[in-house]
Amino acid sequence: MSTKISKVIDPVTMQVVLGALENAAIEMGHKLARMSYSSIIRESEDFGCALVDIKGRQLCESTHSTPLQSGPIPGYVKGIRQVMEERGDQFEPGDVILHNSTYHGASHGPDFGLCIPVFYEKSLIGFSVTTAHHLDVGASTPGSCGIVDAVDAYAEGLQFKAIKVYEKGKKNTFVWNILEDNIRSSDLVVGDIGAQIAAARIGVERYLEIINKYGLETVEATAEGLTNYSEKMMRNAINKLPDGEYYAEGLMDGYLDSDDPTKKDLKIAVTLKVQGDQLVVDLTGTSRQIDDKPINMPLEGTVDIAIYLTLRSILLDSEDYGNFPQNTGLTRPITIIAPEGTLCNPIFPAPTIARFCQGNVVADTLMRALAEVVPKQVSAGVGNLKVLAMSGKKGKDYWVYMDIMEGSYGGRYGKDGMDSVDTLYANTRNNPIEDIESHYPLRVTKYELRNHDCAPGKWRGGIGSIREITFLENGSFSLEGDGHKYEPWGFADGKDGKVGDLSIRYPDGTEKKLPSKISNTTVQSGSSLKMTGPCGGGYGNPLERSPQAVYEDYLDDYILIEQVKEEYGVVITEEGTLDLNETDKLRKSLSRLY
Amino acid sequence: MKLFGVDVGGTFTDVFYNDTEKQHTFIHKLPTTLADPAIGVIKGMIELSEMNGVAVHEIDHIFHGTTIGTNAILEFDGAKTGMITTKGYKDILHIGRHQRPQNYSIMQDIPWQHRPLVQRRNRKTVSERMGPAKGEIIEPLNEEEVIAAIHELKELGVESIIVGFLFSYINPEHEERVVELIKEEYPEAFITTSSGVSPQFREFERFTTASLNGFIGPKVKGYIDNLSSGLKEASITADLHIMCSNGGVATPENIAEKPVNTLLSGPAAGILGGAYAGVLSDRKKLITFDVGGTSADIGIVTEQGFGEASARDTWIAGYPVMVPMIDIHTIGAGGGSIAYIDEGGLFKVGPKSAGSVPGPACYGHGGTLPTISDANVVLGRLDQENFLGGEMKLHVEAAHKVIAELAEKLEMTKEETAEGILTILNNNMANAIREKTIQKGADPREFSLVAFGGAGPLHAIDVARELKIPEIIIPAYPGINSATGLLTTDLKYDVIKTEFMLSDSLNLSILNKDFQSLEEGLKKQLLKDLVEEENISMQRFVECRYIGQGYELRVPFPSEELTNHNIIDCFNLFHEIHKNEYGHSFESTPIEIVNIRVVGTGKMPKLRKEKVNGSSDLGAAIVKKEHVLFRHKGELQKMETLHYQRELLPAGKWLEGPAIILQKDTTTVIPPGNQFVVEEYGNLIIKVGEQS
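No experiment lies behind these values; they were computed from the predicted model shown.

**Some remarks on the overall build of chain B**
Phase 1 of the analysis: When helices and strands are tallied, chain B shows 18 helices and 33 strands.
Phase 2 of the analysis: Counting only C-alpha atoms, chain B reaches 80 × 60 × 55 Å along its principal axes.
Phase 3 of the analysis: In chain B, which comprises 692 residues, the proportion classed as buried is 60%.
Phase 4 of the analysis: Nonlocal contacts in chain B, meaning residues at least 24 apart in sequence, comprise 68% of its contacts between residues at least 6 apart.

Structure follows, in structure tokens:
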């Protein structure tokens with residue numbers, strides 16, 4: 001069988017050009033992370049970088065960034081080109097284009113794309129793009145997360161539809177003035193945009209060097225080859241799955257404190273249709289869009305990324321397959337059906353800025369549908385994230401700080417769930433406590449794993465954490481989260497996980513439980529927010545868990561002695577040692593009860 | 001002075017001897033004694049001494065590179081370690097930065113959760129808390145809880161305890177008090193404080209660094225004790241110094257306390273060896289290129305010295321390590337790297353390696369996968385009879401067979417396939433060098449490539465051509481370059497203090513005072529190590545960033561008192577460094593000082609250079625003439641190629657490629673279009689020509 005994936009260039013050249021392209025993207029990412037100002041980019045790494053060719057194919061992406069940022073870049077480019085064409089506008093050498101329109105490829109409003117068209121011998125041959133999450137986009141309340149009450153796309157802050165911030169190399173000062181005047185903490189935001197442009201320019205430079213060295217045709221042929229390659233990998237993976245239809249649904253909190261039943265207990269429905277080497281992900285059955293709340297998800301930029309990324313992570317897990325190019329080839333065998341007017345394909349001007357947590361439920365539900373098909377490659381239910389935005393006055397301006405609270409994974413075949421990590425399509429980093437307290441009037445008063453809450457299973461679910469943050473000055477906060485009502489699913493006789501939680505303790509000591517979405521709320525100095533991350537679901541029958549592993553969990557205070565016995569049927573003697581004989585007996589009697 | 005450098009690797013222990021007065025150099029290689037490497041170290045010195053008539057009791061200094069600590073981490077075989085930390089923050093070590101190492105993986109393991117250096121049951125919390133302003137005490141240390149925690153840890157059989165509190169990098173008072181209490185309550189325990197090993201902000205990274213130290217501490221300390229007593233028994237009274245990752249050496253006492261400083265000492269010594277080769281040829285800008293069986297280590301040396309890794313960029317076995325280290329870029333590319341076609345049809349080389357067992361097919365130990373070495377055999381570049389000085393006969397047919405199998409799948413000829421394998425590998429290596437040069441504003445055309453390790457000289461010219469590096473230096477003993485490097489080091493200590501301060505609201509008197517007190521501490525340490533005062537020098541650095549950024553850059557500061565005048569030069573230098581590093585500077589943005597840092601150096605006696613003899617007759621150096629495959633005039637063709645014996649090449653005589661230069665520890669491949677010469681101090685210099 002021929003293994004050739006390109007008819008034009010030899011496999012050696014292709015590998016060499018691929019290496020050069022990847023090297024360029026790594027450099028862009030490295031420099032962007034280090035040059036940027038706000039912690040959401042530099043510490044949390046909520047950014048992406050990629051080069052895209054004239055046909056819209058992604059050539060390479062920075063490995064050092066969050067998938068939800070790199071993944072949408074070809075969509076940004078497509079959106080920008082569409083807008084430009086509609087306007088009759090042209091790309092010119094020296095242009096730098098700012099774009100965040102969620103109905104034109106952007107992932108959500110705060111994720112600014114900075115796109116530089118690349119010219120070679122006077123023709124447009126591709127684009128160098130960076131995306132990053134910005135602290136503030138001039139919405140109604142401070143910060144760019146936790147804006148859970150915007151009534152439409154206009155209320156979410158400034159919308160940039162392919163705006164040239166540099167035109168033919170000249171700075172378009174009008175736009176910059178508008179930015180500075182309409183955005184809180186604008187010095188940081190403008191600084192970050194500057195860093196994004198600098199990194200995108202490096203991308204242009206490297207792109208051209210590569211073309212000069214290897215020739216445009218070779219680079220184009222490489223792009224074609226890589227796309228075919230990724231497509232082939234995905235088709236091979238799908239081919240291994242038995243044909244058929246697989247269904248799962250996932251439920252979300254929505255607005256738990258709302259009186260309107262259409263705003264809570266929302267559903268994501270996934271029907272997976274496998275036929276040969278093709279796969280259809282049909283989201284029919286998903287709840288209707290919410291016209292006046294911003295938890296709708298852009299189909300392009302959020303829903304599609306959640307789907308591609310989940311399929312890739314399960315079917316082509318990098319633990320087994322290593323890294324290979326993320327590009328449009330991966331998506332060719334996959335068809336997404338998302339009825340218009342649903343949460344997964346909203347109609348303009350439905351607001352979308354707080355789409356983060358819902359996208360992870362799309363990913364989790366898709367995994368649940370796949371669990372039937374490839375049980376050894378999935379985890380049980382994943383605990384969702386929360387994003388907390390905190391702010392306060394600082395002279396005439398604001399300080400704004402965003403904290404991404406982690407979730408946890410469910411148990412996996414042969415492995416326990418990953419504890420306290422960012423999940424599925426998100427992979428940011430937390431901020432060091434010592435960094436937060438050195439720069440904001442905040443104190444992180446607790447950061448620990450939850451005790452005694454992990455979901456039982458042959459392989460137990462991952463453990464969520466508790467993070468408590470206290471205001472040292474008056475300020476305000478808002479939150480977008482989910483997972484306060486529906487437990488992460490257990491799998492194959494594993495138990496369900498535990499929901500997350502949020503509560504506030506006021507300076508007078510009183511406490512109040514809060515829902516998972518809170519719009520901007522002012523608080524007094526001394527108030528504390530306690531975020532509890534959910535625990536992922538268990539995998540497999542807990543009575544089959546290795547007694548030694550149960551014992552170790554007991555020693556580590558992950559489970560109590562009662563849980564050892566009741567949930568796992570394991571006996572620990574009064575001296576604190578493991579009794580295998582008694583365990584055997586207890587397990588036999590317990591399994592009779594089932 | 002009589003100096004020994006002893007470098008212990010996974011397979012061999014290399015011994016290098018130099019008499020600085022007589023200008024004698026002797027080398028010796030013996031198998032590493034894995035169960036207790038100290039035995040091989042001592043044996044190696046004794047054997048070399050006996051063979052060359054050196055009296056062991058006359059030896060003045062021993063410089064030693066060890067991988068005991070590194071191996072303990074790679075094999076996850078260290079001490080049972082406990083931790084005492086702040087109440088409410090028990091799981092910083094477990095949660096980490098809440099980021100998964102891989103973006104696209106469900107089945108991955110998270111190193112610090114999968115292989116915890118300190119198990120949760122052994123992490124005890126106590127009441128105490130400091131704040132960010134000046135390490136102010138928000139909650140005092142509860143000593144009763146500390147004592148209870150120590151007793152619990154003792155009960156649990158913990159042999160090593162780390163102490164990690166928030167903000168201890170500003171105020172170590174609480175950590176130090178806990179140390180006193182441990183010494184009272186459990187004096188046998190090995191103790192590490194987070195502020196002691198790495199007084200820098202970022203608690204997960206600092207605590208992990210402390211945990212690594214605690215985890216390997218008892219083992220490294222035991223090794224050093226063994227070695228010291230073994231030396232005494234063998235009547236070797238020389239001073240012992242141990243190589244550190246920062247490119248300096250430290251005393252055994254210091255290493256027994258902070259073994260975490262040795263984690264990258266092997267490759268660090270290699271870079272020093274490379275730098276020494278540069279000295280012998282009077283070259284100041286070097287790219288060191290150390291290629292072994294599984295990996296390639298790349299380092300940069302300039303007039304300013306070695307590049308140093310940013311505190312955020314060093315990892316070992318997936319754990320972050322925040323201690324001063326030479327910037328070494330390691331990639332999975334070496335002689336054993338496997339070539340394969342993956343499921344989607346891409347032709348890839350490495351990072352998987354056949355290792356030494358089974359090794360490349362041509363070793364004849366049962367390897368069935370095509371590797372770099374096999375490709376070199378097919379092209380005739382590795383000689384069947386002269387590999388490892390003829391000690392191992394290569395299985396040429398096996399190499400041809402595995403490459404032919406791959407060639408069939410690729411629909412290419414066997415020879416093209418072999419060349420393709422090398423091209424892919426060489427490009428991977430060139431990309432790694434590019435990251436450390438072009439991407440940081442350095443032009444490779446101004447550098448020399450110093451190639452060593454078993455496979456470095458095989459690939460150097462192709463890599464150099466890729467990056468337009470004009471010249472290559474191959475040291476006299478490419479296979480024991482780390483042992484050579486050991487004899488070029490100084491005693492070197494790094495101290496650091498976090499000091500958040502803004503360029504528009506500086507307090508120079510605090511800076512001056514703190515610099516002074518860091519220097520006084522260092523001086524005390526160096527005097528204690530018996531360094532003469534005139535041999536002590538200090539270098540000041542400040543790590544800073546634009547306000548709001550999260551990554552610092554290191555700026556050298558003047559040794560005199562800081563004034564409103566000279567500080568401006570320092571900040572201008574920062575703008576310049578930022579521009580070189582990232583291609584951009586933000587000159588109107590205030591600069592934030594994060595850490596101040598002093599490197600104290602105590603000069604040590606060094607290797608003295610020595611002229612090589614060689615032969616006066618070129619004919620004597622010629623071993624044979626054989627066909628080797630090179631790309632010439634656009635075609636891969638068989639070319640008649642002279643094979644020379646390195647040691648017999650006459651010094652100063654320029655020769656032309658194609659040529660193969662044989663020596664026991666490596667083979668140097670010189671394609672057509674390149675010229676080479678052996679210099680009087682033993683370096684082989686290659687002038688890299690254009691691809692002909």
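**Quick word on the overall build of chain A**
Phase 1 of the analysis: Scanning chain A from N- to C-terminus turns up 15 helices and 22 strands.
Phase 2 of the analysis: Relative to the globule expectation of 25 Å for 594 residues, the C-alpha radius of gyration of chain A, 25 Å, shows essentially globular dimensions.
Phase 3 of the analysis: Viewed in the frame of its principal axes, chain A has a C-alpha envelope of about 80 × 70 × 40 Å.
Phase 4 of the analysis: With 594 residues in all, chain A has 66% of them scored as buried.
Phase 5 of the analysis: Look at the contacts in chain A between residues 6 or more apart in sequence, and 72% of them connect residues 24 or more apart.

**Considerations on the interface of chain A and chain B**
Phase 1 of the analysis: Contacts between the two partners involve 96 residues from chain A and, on the opposite side, 78 residues from chain B.
Phase 2 of the analysis: With both chains or domains summed, chain A and chain B bury close to 7700 Å², and 48% of this area falls on carbon and sulfur atoms.
Phase 3 of the analysis: For the chain A face of the interface with chain B, the top three residues by lost area are R34, Y37 and E434 of chain A, together amounting to 11%.
Phase 4 of the analysis: In this structure, the connection of chain A to chain B is made through seven salt bridges.
Phase 5 of the analysis: The partner of K240 of chain A in a salt bridge is E343 of chain B, and the shortest N-O contact between them spans 3.6 Å.
Phase 6 of the analysis: Remark: the boundary between chain A and chain B carries 54 residue pairs in polar contact (both at pLDDT 80 or more).

**As for the packing of aromatic side chains**
Residues and elements named next belong to chain A.
Phase 1 of the analysis: Under the criterion given, the structure shown has 28 aromatic pairs over all chains.
Phase 2 of the analysis: Measuring from ring centre to ring centre gives 5.2 Å for F91 and F127, while their planes differ by 65 degrees; the resulting arrangement is edge-to-face. Here F127 lies in strand β5 (residues 123–133) and F91 lies in the loop between α4 (73–87) and β3 (96–99), a separation of 36 residues in the sequence.
Phase 3 of the analysis: Here the aromatic cluster, defined as three or more aromatic residues joined through ring pairs, consists of Y413, W459, W489, F491 and Y539.
Phase 4 of the analysis: Over the aromatic face of Y398 sits the side chain of R184, whose NZ or CZ is 5.7 Å from the ring centroid.
Phase 5 of the analysis: The side chain of K517 reaches across the aromatic face of Y255, ending 5.8 Å from its centre.

**Focus on the sheet that holds strand β30 (residues 659–663) of chain B**
Backbone hydrogen bonds are what pair the strands of a sheet, in a parallel or an antiparallel way.
Residues and elements named next belong to chain B.
Phase 1 of the analysis: Here we have four strands laid out as an open sheet, ordered β27-β28-β30-β31, and mixed in their pairing. Each edge of the open sheet is held by one strand with a lone partner, namely β27 (622–632) and β31 (666–670). Ignoring which end each strand starts from, the neighbouring axes of this sheet average 25 degrees apart.
Phase 2 of the analysis: Where β27 and strand β28 (residues 635–645) come together, ten bridges link them in antiparallel fashion.

**Details of the confidence of the model for chain B**
Phase 1 of the analysis: Confidence along chain B averages 92 in pLDDT terms, with 100% of residues attaining 70 or more.
Phase 2 of the analysis: With a pTM of 0.92, the predicted complex shows an ipTM of 0.94.

**Observations concerning helix α5 (residues 173–182) of chain A**
Residue and element names in this part refer to chain A.
Phase 1 of the analysis: Those residues of α5 not exposed but buried are V175, W176 and L179. Angularly, the buried residues of α5 cover 100 degrees about the axis, an arc narrow enough to put them on a single face. Counted as exposed and oriented over 90 degrees from the buried face of α5: F174 and D181.
Phase 2 of the analysis: Against the buried residues of α5 lie β6 (163–167), β7 (170–171) and α6 (186–214).

**Things to note about the packing of helix α8 (residues 299–315) of chain A against helix α11 (residues 356–371) of chain A**
Residue and element names in this part refer to chain A.
Phase 1 of the analysis: Orientation of α8 relative to α11, taken along the N-to-C sense of each, is 40 degrees, at an axis distance of 9 Å. Overall, the two elements α8 and α11 adopt an arrangement that is oblique. When the axes of α8 and α11 are compared, the crossing they make is right-handed. Counted together, T302, A306, I307, T310, L311, I314 and L315 of α8 and G359, V362, A363, L366, M367 and L370 of α11 form the full contact between these two elements.

**Some thoughts on the side chain of N595 of chain B**
Residue and element names in this part refer to chain B.
Phase 1 of the analysis: Tracing the backbone through its elements, the reader meets N595 in strand β26 (residues 591–602).
Phase 2 of the analysis: Given a relative accessible area of 1%, N595 falls into the buried group.
Phase 3 of the analysis: A polar side-chain atom of N595 sits 2.7 Å from a polar atom in the side chain of T498.

**Re unusual backbone geometry**
Phase 1 of the analysis: Cis geometry marks the peptide bond from G350 of chain B to P351 of chain B; its omega dihedral reads 0 degrees.
Phase 2 of the analysis: As for its position among the elements, P351 of chain B is in strand β20 (residues 347–353).
Phase 3 of the analysis: Positive phi outside glycine occurs at H452 of chain A, with the angle close to 60 degrees.
Phase 4 of the analysis: Along the chain, the position of H452 of chain A falls in the loop between β14 (442–449) and β15 (465–471).
Phase 5 of the analysis: Positive phi, close to 50 degrees, is recorded for A317 of chain B, a residue that is not glycine.
Phase 6 of the analysis: Within the secondary structure layout, A317 of chain B lies in the loop between β16 (315–316) and β17 (319–320).

**A closer look at empty space enclosed by the protein**
Any empty space left between atoms is shown by rolling a water-sized probe over those atoms.
Phase 1 of the analysis: Per the stated rule, a full pass over the model turns up nine cavities of 30 Å³ or more.
Phase 2 of the analysis: In this structure, the largest cavity is lined by 16 residues; those nearest its centre are D46, L68, H133, R355 and F356 of chain A.

The rules behind these values
- Residues numbered from 1 in each chain as written.
- Chains lettered and ligands numbered in written order.
- Predicted model: local features only at pLDDT ≥ 70, side-chain atom pairs only at ≥ 80, totals over all residues.
- Heavy atoms only, no water.
- Helix = DSSP H or I, 4+ residues; strand = E, 2+ residues; numbered from the N terminus.
- Buried < 20%, exposed > 50% of the residue type's maximum accessible area, 1.4 Å probe, protein only.
- Contact = heavy atoms within 4.5 Å.
- Rg over C-alpha atoms; globule rule 2.2 N^0.38 Å.
- Buried area = accessible area lost by both parts, 1.4 Å probe.
- Salt bridge = Lys/Arg side-chain N within 4 Å of Asp/Glu carboxyl O.
- Polar contact = N/O pair within 3.5 Å; in protein donor to acceptor, adjacent residues only side chain to side chain.
- Phe/Tyr/Trp six-rings, centres within 6.5 Å; stacked < 30°, edge-to-face > 60°.
- Lys NZ or Arg CZ within 6 Å of the ring centre and 35° of its normal.
- Pairing = 2+ DSSP bridges.
- Axes fitted to C-alpha atoms, helices over the stretch in contact; angles between N-to-C directions.
- pLDDT = per-residue confidence, 0-100.
- Arc of directions from axis to C-beta.
- Parallel < 35°, antiparallel > 145°, perpendicular 65-115°, else oblique.
- Left-handed = near helix turned anticlockwise from the far one by under 90°.
- 1 Å grid on protein atoms, 1.4 Å probe; cavity = no way out; pocket = protein on both sides within 12 Å on 5 of 7 lines; lining within 4 Å.
- Points joined across faces, edges and corners; volume = space filled by probe spheres on them.

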